[in-house]
Amino acid sequence: MMLESIDLMILGTGALVALSGAMLGTLLVLRGQAMSGDAISHAIVLGIVVAWMLTGARAGPIVVGGAALAGLVAVIGAQALSRSGLMGHDAAIGLVFPAMFALGVLLINLNARNLHLDIDTVLLGEIGFVWLHTVPVLGVELPVAGVTLAVVGAVNAVFLLMFWKEQKLAAFDPGLAAALGFRPQAMGMALLALTSATAVASFDAVGVVLFLAFLIVPAVTGRLIAGSVLGIMAIAVVSGVVSVGVGYGAAVRWDVSIGGSMALATGLGLALALALSPRSGVVAALIRARAIELEGLVATLLTHLAAHEGTEAQAEECTPEALVDHLGWSETRAGKVVLEALDRGVIHRAGAELELTEAGWALARAAAERIDRRLALTMAAKEAARDMAQDVARDTGRDTGRDTARGPHG
Amino acid sequence: MLNPTLITVIMAATVIGALAGALGTFLVLRGQSLLGEVISHAALPGVVGGFLASGGRDMSAILGGALISGALAGLVVQVLRRGAGVKADAALGTVLSLFFAAGVVLLSIAQLQPGAAGLTVFLFGQAASVLRADLLPMVLVALGVVSVLTLFWKEFQLITFDREAAEVQGLPVVALETLLTVLIAITIVLGLALAGVVLMVAMLIAPAVAARQWVRSLGAMVALAGLFGVISGASGALLSAMGDGVATGPVMVLMAMAVTSLSLLLAPERGVLARWRRQMGARRALRGRQVLAALDGLSRDHRDPEYTSDEAMLDAYLGTNAGPVLSRLQKGGFIRAAAPVAPEIQGRRWELTGAGLERLHGRDSGDGAQGGDRGDDA
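Residues numbered from 1 in each chain as written. Chains lettered and ligands numbered in written order. Predicted model: local features only at pLDDT ≥ 70, side-chain atom pairs only at ≥ 80, totals over all residues.

By the naming in an unreviewed UniProt entry, chain B is ABC transporter, taken from Pararhodobacter oceanensis. Of chain B, the UniProt comment under Sequence similarities (unreviewed entry) reads exactly: "Belongs to the ABC-3 integral membrane protein family." The UniProt entry for chain B carries the following comment under Subcellular location (unreviewed entry): "Cell membrane". (UniProt positions renumbered as here; feature names shortened; annotations may be inferred.)

The name given to chain A in an unreviewed UniProt entry is Zinc ABC transporter permease, with the source organism recorded as Pararhodobacter oceanensis. Recorded in UniProt under Subcellular location (unreviewed entry), the annotation for chain A is "Cell membrane". The UniProt entry for chain A carries this comment under Sequence similarities (unreviewed entry): "Belongs to the ABC-3 integral membrane protein family."

The structure is reproduced here in structure tokens:
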């Protein structure tokens with residue numbers, strides 16, 4: 001069978017982590033609860049250990065359920081602590097999950113001999129070895145971790161399909177959601193419970209901290225690019241799944257940690273989005289800034305020409321050289337601005353001189369009017385402020401008698 | 001039992017605990033606990049990078065690397081937030097997980113080299129990894145941090161409590177904030193070998209939250225948080241050294257959590273128990289007033305100042321057994337038992353005394369006001 005190849009098992013498991021992470025992470029990021037994901041991913045360690053101590057099982061529905069409960073306890077506990085007013089919300093998160101995590105690690109330490117679970121695995125996962133534990137499904141040997149993830153992922157997908165509009169509304173306008181009876185609180189809790197369950201299902205593969213990368217980073221990537229929830233989620237899913245492939249390739253190529261490499265690869269998507277996103281990317285911002293700058297320079301050119309056209313100085317001022325000499329522009333800048341203005345048809349060449357066209361005159365007049373109006377408004381505002389200051393001075397003078405006593409101008 | 005190794009460990013834990021508590025105070029008061037979390041996780045690639053660059057377990061290279069990557073993480077958080085408009089929590093989570101992932105990748109590279117086995121102690125901290133030779137530099141750095149803290153005490157105090165006032169006074173607020181964050185990062189990095197990257201931040205937060213419950217001034221809070229840090233650090237290091245193969249970080253953190261839990265429970269003003277007692281007192285005072293008002297109202301309704309109310313009727317009025325409240329009020333002299341109207345009628349009857357009337361209508365001066373009114377503030 002094709003699926004029995006190790007590479008496909010690893011890639012499939014990773015892709016399932018990315019899929020669930022992206023779906024839930026999108027909503028968490030939109031709700032501003034990304035750090036709850038952090039708290040959950042640490043707190044489930046305690047749940048996993050306790051579930052193991054009670055049942056002896058390391059995987060399966062009981063462990064997933066029990067550990068997911070621990071994640072919920074952490075979030076609810078942090079909420080309760082911060083609502084008590086004894087500490088800020090950040091400190092509450094920062095207290096609860098380290099406590100649960102520390103207890104979990106301690107229990108692992110103390111049970112190290114009988115528990116086949118070392119701390120490094122919990123933290124970092126062992127996706128490279130998912131093929132060691134397989135179960136037959138429909139006659140195909142599939143990795144246990146992958147099957148668990150597939151089940152959890154299916155639950156996530158069904159949940160999102162059922163409560164799509166409720167989740168969306170709760171993320172953007174909890175007040176309205178509550179008023180319409182959509183129970184945003186319950187929606188939030190359900191989301192956190194599913195996040196916990198997904199974190200538990202993922203920890204075998206990528207460990208608790210790296211799961212956080214798949215939860216948050218693709219969602220933030222989507223947020224930078226898309227403007228709708230569905231768009232964000234789609235980009236998050238694609239970026240997460242591609243990261244798994246890229247990360248695995250890099251890990252094999254350079255012989256490094258597979259989970260770490262996959263998680264780090266999500267950062268590539270983010271970096272790309274930061275650079276190239278048409279909405280909030282650095283490049284787009286640069287292009288916009290350049291356009292705005294050019295717009296201002298063209299306006300300056302028009303104002304300059306309008307001020308001197310028809311005056312004695314026209315022959316001297318209305319030339320490209322004057323832009324360099326009088327306005328202090330560099331020659332390249334002057335050339336670029338003149339070309340741009342020529343392209344737009346707001347100026348034309350008249351021998352060595354530059355002259356405004358009809359369109360250019362209209363723009364220059366409009367700009368002049370705008371400047372005049374602003375000037376008038378500024379003057380009026382200044383006058384009003386001066387009057388007010390005088391009134392205040394007069395009033396205080398009257399009240400205390402100090403200013404009048406000092407001199408005739410009081 | 002107290003061998004030299006153990007003494008070294010305890011001394012290191014003491015220094016780290018004191019420093020973490022003191023600096024953690026600022027982290028908690030400024031609401032930046034999660035930034036601390038990010039800095040400490042993000043130190044991992046620096047730790048491994050320092051190891052790779054120096055080619056061995058050179059403490060200063062490792063800690064220097066940790067400091068650089070921690071600072072870089074803080075910077076990237078700022079870029080994501082200010083530059084790309086990513087929400088604070090998403091920016092923190094992004095940076096934390098990506099830096100940690102980079103650390104994991106570097107760790108897998110480093111593990112191919114000899115001597116790298118010791119690197120994993122930075123995940124959870126191992127007290128035994130602190131050598132005697134590390135102690136002096138540790139103390140010196142700690143002293144440096146403390147002296148900078150003392151030097152800029154007033155400025156740090158102002159930017160912590162009233163950022164605007166600091167700006168108005170012309171203080172270089174951003175520079176001071178950066179300096180404070182750098183001090184915090186140094187503290188985190190210094191404690192990594194003991195507490196580990198995953199848990200170090202708890203050593204800053206927990207003592208500070210605990211101290212906040214007992215005191216109100218910044219100076220006292222810093223001192224007390226430092227003390228709590230020393231207690232939890234030293235006891236945690238001692239306990240973990242006794243256990244075989246027990247990582248130090250978790251034990252230190254759990255000791256700190258114990259101190260914090262006790263403080264949250266027992267602190268005299270803000271503590272949960274004190275609050276609960278105040279609430280009980282307030283509830284009792286309210287019950288007492290209810291009974292007095294009921295007695296007064298009944299006598300008005302009957303247009304009879306001498307009217308005595310039947311206890312069963314008061315029970316019905318309050319919806320519960322009025323007996324305990326009545327006997328408390330009687331002890332206080334606010335009501336008195338009246339003679340039965342007729343010998344065959346069972347049950348006691350009650351009437352207000354002068355003191356009771358005054359208590360009901362006069363200015364609040366009785367013990368009821370003590371618990372009731374003060375209980376609700378923040």
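Turning our eyes to something else, we now look at the overall build of chain A. For chain A, the helix and strand inventory stands at 17 helices and four strands. A compact globule built from 410 residues would reach a C-alpha radius of gyration of about 22 Å, whereas chain A, at 33 Å, exceeds it by more than 25%. C-alpha extents for chain A along the principal axes are approximately 95 × 70 × 40 Å. For chain A, the residues scored as buried account for 45% of the 410 residues in total. Nonlocal contacts in chain A, meaning residues at least 24 apart in sequence, comprise 66% of its contacts between residues at least 6 apart. (Helix = DSSP H or I, 4+ residues; strand = E, 2+ residues; numbered from the N terminus. Rg over C-alpha atoms; globule rule 2.2 N^0.38 Å. Buried ≥ 20, exposed ≤ 12 C-beta atoms within 10 Å, placed from the backbone. Contact = placed C-beta atoms within 7 Å.)

Right, let's talk about helix α11 (residues 258-276) of chain A for a bit. Compared with an ideal rise of 1.5 Å per residue, which puts 19 residues at 27 Å, α11(A) spans 27 Å between its outermost C-alpha atoms and is within 8% of the ideal. Extensive coverage of α11(A) is indicated by the burial of 14 of its 19 residues. (Expected span 1.5 Å × (residues − 1).)

Look at helix α10 (residues 229-254) of chain A: 36 Å from first C-alpha to last across 26 residues, which is about the 38 Å you get at 1.5 Å a residue. Residue D255(A) follows α10(A) closely and has a positive phi angle near 55°.

Domain boundaries assigned for chain B yield domain 1 (4-268) and domain 2 (273-374). Look at where the C-alpha atoms of domain 1 of chain B and domain 2 of chain B centre, and you get two points 57 Å apart. (Domains from an automatic or database assignment.)

It is worth spelling out the interface of chain B and chain A at this point. Taken together, the contacts link 50 residues of chain B with 49 residues of chain A. Looking at the side of chain B that touches chain A, the elements with two or more residues in it are α2 (33-54), α4 (88-110), α5 (121-124), α10 (200-214) and α12 (248-266) of chain B. Looking at the side of chain B that touches chain A element by element, the count peaks at 16 residues for α4(B). Its residues assigned to classes, the side of chain B that touches chain A comprises 33 nonpolar, twelve polar and five charged. (Nonpolar A, V, L, I, M, F, W, Y, C, P; charged D, E, K, R; others polar.)

Interface size, as often reported, equals the accessible area lost upon joining of the parts. All names here are of chain A. When the domains of chain A are assigned, the result is domain 1 (2-277) and domain 2 (281-410). With centres defined by C-alpha atoms, the gap from domain 1 to domain 2 works out at 56 Å. Facing five residues of domain 1, the contacting portion of domain 2 comprises four residues. Among the residues forming the side of domain 1 that touches domain 2, the class breakdown is four nonpolar, one polar and no charged.

Looking now at the confidence of the model for chain A. Residue and element names in this part refer to chain A. Scored by pLDDT, chain A has a mean of 83; 93% of the residues are at 70 or more. Across chain A, α10 holds the top mean pLDDT of 92, while helix α17 (residues 402-406) sits lowest at 45. This model gives residues 401-410 a pLDDT under 50, and the stretch forms eight contacts once residues within four places in sequence are excluded. (pLDDT = per-residue confidence, 0-100.)

This paragraph deals with the UniProt feature "transmembrane region" (unreviewed entry) in chain B. Residues and elements named next belong to chain B. With numbering aligned to this structure, UniProt lists the feature "transmembrane region" (unreviewed entry) at residues 6-29, 34-53, 59-80, 92-110, 140-159, 179-206, 218-241 and 247-267. Span residues 6-29 is 100% helix and 0% strand, its end C-alpha atoms 34 Å apart. Helix makes up 100% of residues 218-241 and strand 0%, and the two end C-alpha atoms of the span are 34 Å apart.

For the rest of this paragraph, the subject is the packing of helix α9 (residues 173-195) of chain B against α10(B). Residue and element names in this part refer to chain B. Between α9 and α10, the least distance of the axes is 8 Å, while the angle of their chain directions is 115°. Between α9 and α10, the crossing angle belongs to the class labelled roughly perpendicular. Contacts between α9 and α10 involve T187, I188, G191, L192 and A195 on the former and, on the latter, M200, V201, M203 and L204. Its residues assigned to classes, the contact of α9 with α10 comprises seven nonpolar, two polar and no charged. (Axes fitted to C-alpha atoms, helices over the stretch in contact; angles between N-to-C directions. Parallel < 35°, antiparallel > 145°, perpendicular 65-115°, else oblique.)

In this section: the packing of helix α2 (residues 34-55) of chain A against α4(B). In the contact formed by α2(A) and α4(B), the axes pass within 7 Å of each other and the chain directions differ by 45°. Between α2(A) and α4(B), the angle falls in the class oblique. Facing α2(A), whose interface residues are A34(A), M35(A), G37(A) and D38(A), α4(B) presents D89(B), A90(B), L92(B), G93(B) and L96(B). Each residue belonging to the contact of α2(A) with α4(B) can be placed in one class, and the counts come to five nonpolar, two polar and two charged.

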